[in-house]
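Spelled out from the first residue to the last, the chains are:
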Amino acid sequence: MPIFYERLSMLDQEPPPRNKPSNSELDIKTFSFTPVDEAIRQLNSHRYGLTAEVSTSRLVECGENILSTKRPPTRLMIAVRSFCGWFNILLLIVAITSAISQPPDWSSFTIVMITIVLASCIQFSQDCVGTDAAIKLQAAILPTVSVRRFESADSHNDIMIDQRHLVPGDILYVDPGDTIPADCIVIEADDLLISQSNLTGESEPQRKTSSYQIGEYGTEALELENVLYMGTNVISGHGVALVVKTGDDTYIARITKQLNQRQLLTVFQRGIRLVTWMMLGFMVIMVLVVILIKGLSTGKWLVSLMFASSIAAGLVPEMLPVIVNANQARGAYTLFKRGAIVQRPDSVQSLGGLSILCSDKTGTLTNDEVTLSHCIDPLGNDSSSVLLLAQTNAMSQSGKKNAIDAAILTHVAETEKMEGLGTKIAEIPFTFEARKASCVTRTHSGRMILTCKGAFEEVLSVCSSIRLAGDVLQINEKRLDLMRRVRRFNADGYRVILVATRDISKSYRDDDAFNFQGLDTDLTVEGLLTFLDPLKDDAKSSVARLQELGVDTRILTGDNLGVALKICRDLNLVQQTDEVSEAITGAELAKLEDTDDFHKTIKHCKIFAKLTPIQKGQVIDSLKIQGEVVGMLGDGINDAIALRKADAGISVHTATNVAKDSADILLMDKNLSMIIDCIVIGRTTQGNTIKYLKMALASSFGNAVSILASTAWLPFSAMSATQLLVQNLLFDTSLSTLPWDTVDEEYLAVPQPWRIWDILRYIVLIGPVTSTIDFATFFLNWFYYGLRSGTDIGAIKAFQSNWFLQGILSQTLMVHILRTGKLPFVRSHSARSVYISTILVSAVGILIVYIPPIANTLQMVGPKGMFDLILLGLLVSFSVVLELCKMLYIELFKRWL
C-alpha cells in the first residue's frame, strides 16, 4: 500500500474488542463531530482494523451490508405479490358475485377460483425463476473492497473482502474509481474528491478531509467534509476511512424511496404504463356502455353491473406482466450464456431500439495494453533523465496505478534499473479537469523538485520555460516546434504526455499544513513521452457490423483530437475530407452551450475529444432529447456519468467500480463482437415483447367490439363472463411461449425504437379486423341456425358454444398470422414451442366443448350439424382477410411489428 497509508498512529496497544459497536443510537452526523480516535473507540475498533474473528461475529450481529431494497424477495413476498395483484382482486369480485347471486352459480365460482390459482401459480413460478436467475447473475459480479485486518499492536494485513461483509469498525481503503460501500468517517485523505451527484444532483465533486467537524451541528448532512456516504464515487485522490454504518442503517437507505421516485422511466416503462392505462380506460368506458345497454333493456341494473364487471375481467390480458417479465428474463439469460450480465432488465428492451452507440476509446476500442514507445527531450533525442522524472512521478501516485503510470513503471522494470529521484514529500493527484498529476520530491542533494506530467496541451499551458541541452530558455520561440512534433506523433496514433518540473525549494516550508495546490505553474518543459494502445483485432469489423445493423458509432474520449482522428480513420468512421466538420473538442463544445447550435453540432459530430465526464453526459442527454436511443460503452471513472444517463450503459467486468455500478450490462469478455450479440438479442427480446402486446391488446380490443355489438343486438349474452374468462386465459397461455419465438431477419436488421403510437394505431385498426369472424359467427347462429330466443336455454348454450369454439381456434390461428410481416407457414415459421402451445390450446378448447362433463360445467353443448365444416371455412376466410389487411397495413405504414 502507499506510504501515506502507513502514517497512522495506533489508538492503543490492544486488539479491537469482540462486542458489537455501541453506535445504534448515534447517526453519521454525530460521528462527524467526533475526533477520529474517539470515533474508533466508540465503535470498539482499532487503527489497524478488526481481527478476522471479530469481523465474523459482527457480521452475524449486524447482518450483511446490503440495502433491503436490493435484497432479492423471499418466496413468501413473491407469493403475496403473485396472488394479490389487481387482476386477481377483480376476479375475486367476480367469484364472490357468482356465489352470492340467486341462485348461486357455483360452477362459475369454481372456474374463476381455479383461474386465479392457475394464473397466480404461473406468475409465482416465473418470478421465482427470474429471481433465482438474478441472484446467479449478481453472484458473478460481486464487488470487493480493501480493508485492514488486525494482527498485532504494530502490524496489520491488507485484504480484499466481499463488500457485503463490511461491518461497523472496519478500516477501509478508498481509491479513484471506487464506489463507497458504506457510510464512513475519513481517517486520512490525500486530495480526496468525491462525487455525490446521485444524492445531491450536483455535478461538481466535493473535497473530503480527515478533520472532524467543528461548529454548528445543524450543518447539512451532505455538506459534512469528513463523511463518505454509501453509493457516492471517488473521483480522484486517496484515503482511509472508518466504516460507521452499513446496510439499512446508511444515509442512502433512508432516502431510497425519494431517489426511486426521482428516477426517470425508460421509454419501455413509459410505453407499458401508457398502454396499461389506455386499456383500463377503455374497459371503464366499455363497462359503462354495457351497464347502460343491459340496464335499459332489462331494467336490472345490479345484474347489469355484475355482468359488465365480469366481462371486463374476462377481457383484461391478465398474463401481461408475466409474459413481459418472462421475455425480459429470457433475454437476460440468453445474454448471460453469451457472456454478458444484465444488471437492469429493462435495458434489454433498450438494446433493441439502440440507434447510436457512444464509446470511449481506451480499453473499449483499444486493447487497454498501453506501452511506452518514446521518451525524448524537446529536441527529439532519447533521454534517460526524462524517463527518471516520469518514473518518479508515476511511483509517487498513491493507490491504484492508471494505465499510463503502469506503462512507465513496466518499461523501467524491463529496460533500465534506475533509482528514484529522491524522497516523496507530497502529491497533487490527477483530475479530469486539470488532466495532469504532480509530485514533490526531496532530492538526494536536498532540493525540492515538483515533477508534473499530463496531457500535452494542459501541461504546456502552465509552462514558461524549456530545457534544451541543459540550458533553460523561454518557451515562446520553441512552442510551435514542440506542437508540430506532437501533432506528428498524434497523426501516427501516439498519445503524448508532457513532463515538466519546477524547483520549489524557496517556496517550500517544512510544515504539515503547507498547501502544495497551485504550485504546478511556471514550469520548465523537460521532455515528451509517447504511448501506444493499438486497436482490438475485432474493432474494425465490429464497427462495420454495427453500421450494417443501423447503429451509428460515436467516439467520446478524453484523449487528444489527433489520436481520436487516427483511431476513427482506422475504423473507417470518418473520411479525411470530413474530419474537420465531424470532430469537436470539449473546449469548442463548451463555447456552444446555451446556443442554438449546441444540439445540432452534437447530432452531426462523430468524434468528441478531450471531453470532461460532465460533457460526456451532456452529449448523451442531447442525443436522447433529439429522439435517439443511445448506448454508452465505457469502463473508466470519466465514463460513469454517461453510462448512467444512457438508455443502455455497457461496461466490462474489469472496469472501475463506479463504471460497473453505473452500467446496465457488464461484458465478461472485452471482445467488441459481444456488443453485436447484445444488440441482436435485444432486438429479438423487444420484437417478441411487441408481438405479445400487439396480439393480446388487439385481440382484447376486438373482443370488446364484439361484446358491445352483441350486447346491443342480442336479447341474451353471446358468451357468459366465465366462458370469456376461460377463453381469454387459454389464449394468453398460447402466447406464453412467445419469449422463445424467432424474429424475422428484416426486423433485426434495423433499430426498433419503442413507438407507443404505432401500438395504439395497430390496436385500433387491427383489433376490429379480428372481430370479423365473430360477426360472421353471430350471423351464422342468428340466420342459419335460428338461435334468437332469449328464453330458450338450449339455444343460448348452442350460440355461446359455437362462439367459444370459433373464438379459441381463430385466436390461436391469429398468433401465427400476426407474429410476422411475411406469409405465415410459408415464408416465416414460428418456433417449435409456439406451434406446440397453440396446438395444445386449440385441442383443449375443442375438448371443453365436446366433452359433456366439462361442457356442462361451463353451460355449453357440443356444436350441431355441419358447424365443424362451416367453421373450417370461416377460419380459412378469416386467415385470408387478416392476411390481406396485414398487407394493406404494411403498404400504408411501412411496418408491421
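Heads up: the structure comes first, above all this text.
A closer look at the overall build of the protein
Each helix and strand in the protein was counted, giving 34 helices and 23 strands. For the protein, the proportion of its 897 residues judged to be buried stands at 55%. Intrachain contacts of the protein at a sequence separation of at least 6 include 75% that bridge at least 24 residues. Accessible surface for the protein amounts to roughly 38100 Å². Of this, 58% is attributable to carbon and sulfur atoms.

Some details on a nonpolar patch on the surface
Together, Met866, Leu869, Leu872, Val876, Val880, Leu884 and Met887 line one region of the surface with nonpolar side chains, adding up to about 710 Å² of accessible area. Along the chain, Val880 turns up in helix H34 (residues 867–893).

Some thoughts on the packing of aromatic side chains
All chains considered together, the criterion is met by 18 aromatic pairs. Taking the centre distance of 6.1 Å and the plane angle of 45° together, the rings of Phe779 and Phe783 count as tilted. Here Phe779 and its partner Phe783 are both found in helix H30 (residues 772–784), four residues apart, which amounts to about one turn of the helix. Of the residues examined, Phe779 reaches a relative accessible area of 43% and is grouped as partly exposed. An aromatic cluster is built from Trp713, Phe716, Phe775, Phe778, Phe779, Trp782, Phe783, Phe799 and Trp803, whose rings are joined through pairwise contacts. Taking NZ or CZ as reference, Arg761 lies 4.0 Å from the ring centre of Phe893, over its face.

Thoughts on empty space enclosed by the protein
Per the counting criterion, the structure on display carries seven cavities of 30 Å³ or more. In this structure, the largest cavity occupies an estimated 90 Å³ of space. Val267, Phe268, Gln349, Ser350, Gly353, Val629, Asp647, Gln686, Pro753 and Trp754 together form the lining of the largest cavity. Broken down by secondary-structure element, the contributors of at least two residues to the lining of the largest cavity are helix H10 (267–298) and helix H13 (346–352). Lining the second largest cavity, in full, are Ser699, Asn703, Thr770, Ile773, Asp774, Gln806, Gly807, Ser810, Gln811, Met814 and Phe878. Elements represented by at least two residues in the lining of the second largest cavity include exactly helix H26 (673–713), H30 and helix H31 (793–818).

Describing the environment of Ala119
As for its position among the elements, Ala119 is in helix H6 (residues 106–139). For Ala119, a relative accessible area of 7% puts it in the buried group. The spacing of Ala119 and Val322 is 203 residues in sequence and 9.1 Å in space, taken between C-alpha atoms.

Description of unusual backbone geometry
Although it is not a glycine, Asp594 sits at a positive phi angle of roughly 65°. Here Asp594 lies in the loop between helix H21 (586–592) and helix H22 (597–604). Its relative accessible area of 83% is what places Asp594 among the exposed residues. Despite not being glycine, Lys894 shows a phi value in the positive range, around 60°. Residue placement: Lys894 occurs in the segment after H34. With relative accessibility at 61%, the residue Lys894 sits in the exposed group.

What about the sheet that holds strand E23 (residues 665–667)?
If you trace the eight strands from one edge of the open sheet to the other, you get E8-E23-E22-E21-E9-E18-E20-E19, paired in mixed fashion. Bordering the open sheet on either side are strand E8 (340–342) and strand E19 (583–585), each of which pairs with just one other strand. The sheet shows a mean angle of 20° between the axes of neighbouring strands, taken without regard to direction. As judged from the three bridges shared by E19 and strand E20 (residues 607–609), these two strands associate in the parallel manner. Within E20, the residue paired with Ala583 across the bridge is Ile607. Here helix H19 (residues 561–570) sits on the sheet and contacts strand E18 (552–556), E19 and E20; the angle it forms with E20, its principal contact strand, is near 150°.

Definitions and cut-offs
- Residues numbered from 1 in each chain as written.
- Predicted model: local features only at pLDDT ≥ 70, side-chain atom pairs only at ≥ 80, totals over all residues.
- Heavy atoms only, no water.
- Helix = DSSP H or I, 4+ residues; strand = E, 2+ residues; numbered from the N terminus.
- Buried < 20%, exposed > 50% of the residue type's maximum accessible area, 1.4 Å probe, protein only.
- Contact = heavy atoms within 4.5 Å.
- Areas by Shrake-Rupley, 256 points an atom, 1.4 Å probe, with all protein chains shown as cover.
- Patch = residues over 30% accessible without salt bridge, like charges linked within 9 Å, V, L, I, M, F, W, Y side chains within 5 Å.
- Salt bridge = Lys/Arg side-chain N within 4 Å of Asp/Glu carboxyl O.
- Phe/Tyr/Trp six-rings, centres within 6.5 Å; stacked < 30°, edge-to-face > 60°.
- Lys NZ or Arg CZ within 6 Å of the ring centre and 35° of its normal.
- 1 Å grid on protein atoms, 1.4 Å probe; cavity = no way out; pocket = protein on both sides within 12 Å on 5 of 7 lines; lining within 4 Å.
- Points joined across faces, edges and corners; volume = space filled by probe spheres on them.
- Pairing = 2+ DSSP bridges.
- Axes fitted to C-alpha atoms, helices over the stretch in contact; angles between N-to-C directions.

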